[in-house]
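Given next are the chains, with one letter for each unit.
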Amino acid sequence: MMAPFLKYGVFGSETSLVVAFLLGIGFGFALERAGFGSARKLVSQFYLDDLAVFKVMFTAIVTAMLGVTYLSWIGFLNLSLVYLVPTNLLPQIVGGLVLGAGFVIGGYCPGTALAATATGRVDALIYGAGLYAGTLLFAEAYPLVKGLHTATPMGQTTIPQYFNLPYGLVVFAVVLMALGGFAGAGWVEKKMAARKAAAQAAA
Amino acid sequence: MVSNTHVSRAPAPYSNPYLAGIGLGLVLLAAFVFVGRGLGASGGVSAVVASGLHAIAPEHAHRLEWLSGRLAGDASPLEEWLVFEGMGVVLGALLSGLLARRAMVVIEKGPRVSRRARLLMAFFGGSLMAVGAAFAGGCTSGQALTGGALLNLGSWAFMLMVFAGAYAVATFVKWQWR
């Protein structure tokens, strides 16, 4: 085992901040390349005429998931040292719904808003101000929402652990699901384009 | 293909989504391999809020249970991994945007909405997003992308709900985009 490098002392925590900056550059570059510096492009996902959000997200998830799987199988990456956010099912379900609503209302998510602000989107800058306001609101109102925020704690758990399934089987299922999803996304985009063309021809 | 001299000044088309996704996935994999954690964004916002509030009203900031953890210890809450990653995101996106001639000062909106209404909606949406991310313990980056790749149970539940929430609300804000 050699990786994660930081955990095996290959470099220290100060250097890790430089690594964070470099990884951020790659992250921002990839987001902007994908078109995620544009709110119109992002929300097209939810009007079904451009499913790039789904395609990019699931390609990234599958790429990183396969990388992690292979690197830990050959004994290079110690997966137990990769931080897993603990599961709190109920607040994560509620938070996901609220966040999804905020996505289509505001036009961005926090990471894409940063990329969009960097490329001059004024609405993304204002969206960012909203992020700060909402965070402050949550911090001030925390006594009221703490019950929900800390409900249903399940600790660090993965889908294979929770459902007692072999890790490789779940990885394989996710890959199949993604491939099916990509085919489906292409089909939906074609249908929507045909419908739009028909509406324009009629008008 | 149209070929005239104006074409070179127009914004370049976006990358193929599968190529961009592989690139994004490799950055995420590099984060796992180098530092043993994934990417994130909303945590950086919390760090900035903690730091700002601490500068204005230090005693009050320490009394806020949800932020006080970030103010423990001697280091500034801004000396945090996600803050440095966020600064990188700004630079990387700007670089990509400049190379593709897509960096420009503009308000992203549909044809039927006023600028003021769009900006108000952006602010409101951002506030909602922050509250959602606070409940979930992360956003699309820290939960959906990172936890998705690690098969994190809560992250997958969260991700499904993000799509559900967005599709449920999309029809009510269509005037803003179409």
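Residues numbered from 1 in each chain as written. Chains lettered and ligands numbered in written order. Predicted model: local features only at pLDDT ≥ 70, side-chain atom pairs only at ≥ 80, totals over all residues. Heavy atoms only, no water.

**What to know about the layout of surface pockets**
In this approach a probe as big as a water molecule rolls over the atoms, and the regions it shows empty are the leftover space.
Link 1 in the chain: A volume near 800 Å³ is recorded for the largest pocket.
Link 2 in the chain: Taken together, 39 residues line the largest pocket, and the ones lying closest to its centre are A:V85, B:G43, B:R70, B:G137 and B:G138.
Link 3 in the chain: Top element by residues in the lining of the largest pocket is helix α6 (residues 115–136) of chain B. It accounts for six residues.
Link 4 in the chain: Grouping the amino acids of the lining of the largest pocket by side-chain chemistry returns 21 nonpolar, 16 polar and two charged.
Link 5 in the chain: Space inside the second largest pocket adds up to approximately 350 Å³. (1 Å grid on protein atoms, 1.4 Å probe; cavity = no way out; pocket = protein on both sides within 12 Å on 5 of 7 lines; lining within 4 Å. Points joined across faces, edges and corners; volume = space filled by probe spheres on them. Helix = DSSP H or I, 4+ residues; strand = E, 2+ residues; numbered from the N terminus. Nonpolar A, V, L, I, M, F, W, Y, C, P; charged D, E, K, R; others polar.)

**Let's talk about a nonpolar patch on the surface**
Residues and elements named next belong to chain A.
Link 1 in the chain: On the surface, a cluster of nonpolar side chains totalling about 370 Å² of accessible area is made up of M1, Y8, V10 and L81.
Link 2 in the chain: With respect to the helices, strands and loops of the structure, Y8 is situated in the segment before α1 (13–34).
Link 3 in the chain: Here Y8 falls in the partly exposed class, since its relative accessible area comes to 36%. (Patch = residues over 30% accessible without salt bridge, like charges linked within 9 Å, V, L, I, M, F, W, Y side chains within 5 Å. Areas by Shrake-Rupley, 256 points an atom, 1.4 Å probe, with all protein chains shown as cover. Salt bridge = Lys/Arg side-chain N within 4 Å of Asp/Glu carboxyl O. Buried < 20%, exposed > 50% of the residue type's maximum accessible area, 1.4 Å probe, protein only.)

**Considering helix α9 (residues 167–202) of chain A**
Link 1 in the chain: The terminal C-alpha atoms of α9(A) lie 52 Å apart, and with 36 residues this matches the ideal 52 Å at 1.5 Å per residue to within 8%.
Link 2 in the chain: The set of residues buried in α9(A) consists of A:V170, A:V171, A:V174, A:V175, A:A178, A:F182, A:A185 and A:E189. (Expected span 1.5 Å × (residues − 1).)

**A few points about the packing of aromatic side chains**
Residue and element names in this part refer to chain A.
Link 1 in the chain: The full count for this structure, using the stated rule, is 15 aromatic pairs over all chains.
Link 2 in the chain: Geometrically, the ring pair formed by F5 and F76 is edge-to-face, given 6.0 Å between the ring centres and 85° between the ring planes. One end of the pair, F5, is in the segment before α1; the other, F76, is in the loop between α3 (52–73) and β1 (87–88), and 71 residues separate them in sequence.
Link 3 in the chain: Residue F76 is classed as partly exposed on the basis of its relative accessible area, which comes to 23%.
Link 4 in the chain: Ring geometry for Y108 against Y127: centres 5.8 Å apart, planes inclined by 65°, an arrangement best described as edge-to-face. (Phe/Tyr/Trp six-rings, centres within 6.5 Å; stacked < 30°, edge-to-face > 60°.)

**Observations concerning the side chain of A:H149**
Link 1 in the chain: Within the secondary structure layout, A:H149 lies in helix α7 (residues 142–149).
Link 2 in the chain: Classification of A:H149 as buried rests on a relative accessible area of 17%.
Link 3 in the chain: A polar atom in the side chain of A:H149 sits 3.1 Å from the backbone oxygen of B:A134. (Polar contact = N/O pair within 3.5 Å; in protein donor to acceptor, adjacent residues only side chain to side chain.)

**So, α1(A)**
Link 1 in the chain: For α1(A), spanning 22 residues, the distance from its first C-alpha to its last is 31 Å, which sits close to the expected 32 Å at 1.5 Å a residue.
Link 2 in the chain: Remark: A:G35 follows α1(A) within two positions and exhibits a positive phi of approximately 100°.

**A look at the interface of chain B and chain A**
Link 1 in the chain: Counting residues at the interface gives 113 residues for chain B and 120 residues for chain A.
Link 2 in the chain: Contact between chain B and chain A buries roughly 10,300 Å² in total, counting both sides, with carbon and sulfur atoms accounting for 76%.
Link 3 in the chain: If you look at where chain B meets chain A, you find six salt bridges.
Link 4 in the chain: The tally of links between chain B and chain A comes to 41 residue pairs in polar contact (both at pLDDT 80 or more).
Link 5 in the chain: Looking at the side of chain B that touches chain A, the elements that each hand over two or more residues are α1 (17–35), α2 (42–56), α4 (65–71), α5 (81–99), α6, α7 (140–149) and α8 (153–170) of chain B.
Link 6 in the chain: For the side of chain B that touches chain A, the element with the most residues is α6(B), which contributes 18 residues.
Link 7 in the chain: Here the side of chain B that touches chain A is composed, by residue class, of 75 nonpolar, 29 polar and nine charged. (Contact = heavy atoms within 4.5 Å. Buried area = accessible area lost by both parts, 1.4 Å probe.)

**So, the packing of α3(A) against α7(B)**
Helix-helix packing is characterised by the crossing angle of the two axes and by the distance between the axes.
Link 1 in the chain: Running from N to C, α3(A) and α7(B) cross one another at 50°; their axes reach a closest spacing of 7 Å. Taken as axis vectors, α3(A) and α7(B) run oblique relative to one another. Both α3(A) and α7(B) take part in a crossing whose hand is right-handed. Across the interface between the two elements, A:M57, A:A60, A:I61, A:A64 and A:M65 from α3(A) touch B:T140, B:A144, B:L145, B:G148 and B:A149 from α7(B).
Link 2 in the chain: The class makeup of the residues in the contact of α3(A) with α7(B) is eight nonpolar, two polar and no charged. (Axes fitted to C-alpha atoms, helices over the stretch in contact; angles between N-to-C directions. Parallel < 35°, antiparallel > 145°, perpendicular 65-115°, else oblique. Left-handed = near helix turned anticlockwise from the far one by under 90°.)

**Observations concerning the domain arrangement of chain A**
Residues and elements named next belong to chain A.
Link 1 in the chain: Each assigned domain of chain A is listed with its residue range as follows: domain 1 (1–33), domain 2 (39–84 + 158–203) and domain 3 (89–152).
Link 2 in the chain: Summed over the shared surface of domain 2 and domain 3, the number is zero salt bridges.
Link 3 in the chain: At the junction of domain 2 and domain 3, the tally comes to zero residue pairs in polar contact (both at pLDDT 80 or more).
Link 4 in the chain: For the side of domain 2 that touches domain 3, the per-class residue count stands at five nonpolar, no polar and no charged. (Domains from an automatic or database assignment.)

**Focus on empty space enclosed by the protein**
Link 1 in the chain: Throughout the structure, instances matching the rule amount to two cavities of 30 Å³ or more.
Link 2 in the chain: Of the volumes computed, that of the largest cavity is approximately 160 Å³.
Link 3 in the chain: A:L31, A:F36, A:M57, A:C109 and A:T112 are the residues nearest the centre of the largest cavity, which is lined by 15 residues in total.
Link 4 in the chain: Every element with two or more residues in the lining of the largest cavity is listed here: α1, α3 and α5 (110–118) of chain A together with α7 of chain B.
Link 5 in the chain: For the lining of the largest cavity, a count of residues per class yields 11 nonpolar, four polar and no charged.
Link 6 in the chain: There are two domains that each give the lining of the largest cavity at least three residues, and those are domain 2 (39–84 + 158–203) and domain 3 (89–152) of chain A.
Link 7 in the chain: As a volume, the second largest cavity reaches approximately 40 Å³.
Link 8 in the chain: Of all the secondary structure elements, the ones that give two or more residues to the lining of the second largest cavity are α3 of chain A together with α7 and α8 of chain B.
Link 9 in the chain: Looking at the lining of the second largest cavity, its residues break down into eight nonpolar, one polar and no charged.

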